[in-house]
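Residue-level structural notes
Letter by letter, the chains look like this.
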Amino acid sequence: MIKKRVFGTFNRPRISVFRSNKAIYAQLIDDSSGKTLVSSSSREKIFINKNKKKTKTELSNEVGKLLGERAKILKIQKVVFDKGKYLYHGRIKSLAEGIREMGLDF
């Protein structure tokens, strides 16, 4: 297996994804300065109260859209997607599709 190191810069930050059994987290990271620029998760107040009937996959899509909105505020257009150890399937794929719907390119 060949593993490629994913690195983000300020112009093209890295989207780091963490998925637990109950929640999903995503953040835009500038690896050159070591800072998180924007983050979003399904544990935020806007998702906890109003999305009781949504599946985890649908919620992941909304988290991706929220991350995309926050990235657009910073005028970020291009990103690098770091799915980590997770397969590009299910909730990770849904998160990526939500980010793409908001116009981010990766």
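Since we're looking at a predicted model, the values are computed, not measured.

**Some thoughts on the overall build of the protein**
- A count of helices and strands for the protein gives three helices and four strands.
- Moving toward the C terminus, one meets the helices and strands of the protein in the order β-β-β-α-α-β-α.
- A compact globule built from 106 residues should have a C-alpha radius of gyration of about 13 Å, and the protein, at 13 Å, falls within 12% of that.
- Oriented by its inertia axes, the alpha-carbon framework of the protein measures out at about 40 × 35 × 20 Å.
- Buried positions account for 42% of the 106 residues belonging to the protein.
- For the protein, long-range pairs separated by at least 24 residues make up 58% of all intrachain contacts whose partners lie at least 6 apart in sequence.
- Looking at charge distribution, the protein has the averaged site of its 25 positive side-chain charges lying 5 Å from that of its 10 negative ones.

**Side note on the packing of aromatic side chains**
- Tallying each qualifying case throughout the model produces three aromatic pairs.
- Considering the side-chain rings of Phe-81 and Tyr-88, the 6.4 Å spacing of their centres and the 90° angle between planes classify their relative orientation as edge-to-face.
- Under the relative-accessibility criterion, Phe-81 is labelled buried at 16%.
- Three or more aromatic residues link up through ring pairs in this structure, and these residues are Phe-81, Tyr-88 and Phe-106.

**A short note on the pattern of salt bridges**
- Enumeration over the complete set of coordinates arrives at six salt bridges.
- Taking the shortest distance from any N to any O, the salt bridge between Glu-101 and Lys-65 comes out at 3.2 Å. Taken as a pair, Glu-101 in helix H3 (residues 91-101) and Lys-65 in helix H2 (residues 56-73) lie far apart in primary sequence, 36 residues in all.
- Across the pair Lys-78 and Asp-105 runs a salt bridge, and its minimum N-O distance is 3.7 Å. With Lys-78 in the loop between H2 and strand S4 (80-82) and Asp-105 in the segment after H3, this pair connects stretches of sequence that are 27 residues apart.
- Accessibility expressed as a relative area gives 41% for Lys-78, which makes it partly exposed.

**Some points on the nonpolar core**
- Counting residues in hydrophobic clusters, the biggest one holds 21 residues, and the most contacted among them are Ile-15, Val-17, Leu-28, Phe-81, Leu-95 and Ile-99.
- Mapped onto this core, the elements with two or more residues apiece are strand S1 (14-19), strand S2 (24-30), H2 and H3.
- When residues of this core are assigned to their parent elements, the largest contribution, five residues, is made by H2.
- Those residues in contact with Phe-81 that lie beyond four places of it in its chain are Ile-15, Val-17, Tyr-88, Ile-92, Leu-95, Ala-96, Ile-99 and Phe-106.

**Remarks on unusual backbone geometry**
- Positive phi outside glycine occurs at Lys-75, with the angle close to 60°.
- Here Lys-75 lies in the loop between H2 and S4.

Cut-offs applied
Residues numbered from 1 in each chain as written. Predicted model: local features only at pLDDT ≥ 70, side-chain atom pairs only at ≥ 80, totals over all residues. Heavy atoms only, no water. Helix = DSSP H or I, 4+ residues; strand = E, 2+ residues; numbered from the N terminus. Rg over C-alpha atoms; globule rule 2.2 N^0.38 Å. Buried < 20%, exposed > 50% of the residue type's maximum accessible area, 1.4 Å probe, protein only. Contact = heavy atoms within 4.5 Å. Lys, Arg positive; Asp, Glu negative; His and termini not counted. Charge placed at Lys NZ, Arg CZ, Asp CG, Glu CD. Phe/Tyr/Trp six-rings, centres within 6.5 Å; stacked < 30°, edge-to-face > 60°. Salt bridge = Lys/Arg side-chain N within 4 Å of Asp/Glu carboxyl O. Core = buried A, V, L, I, M, F, W, Y, C linked by side-chain atoms within 4.5 Å.

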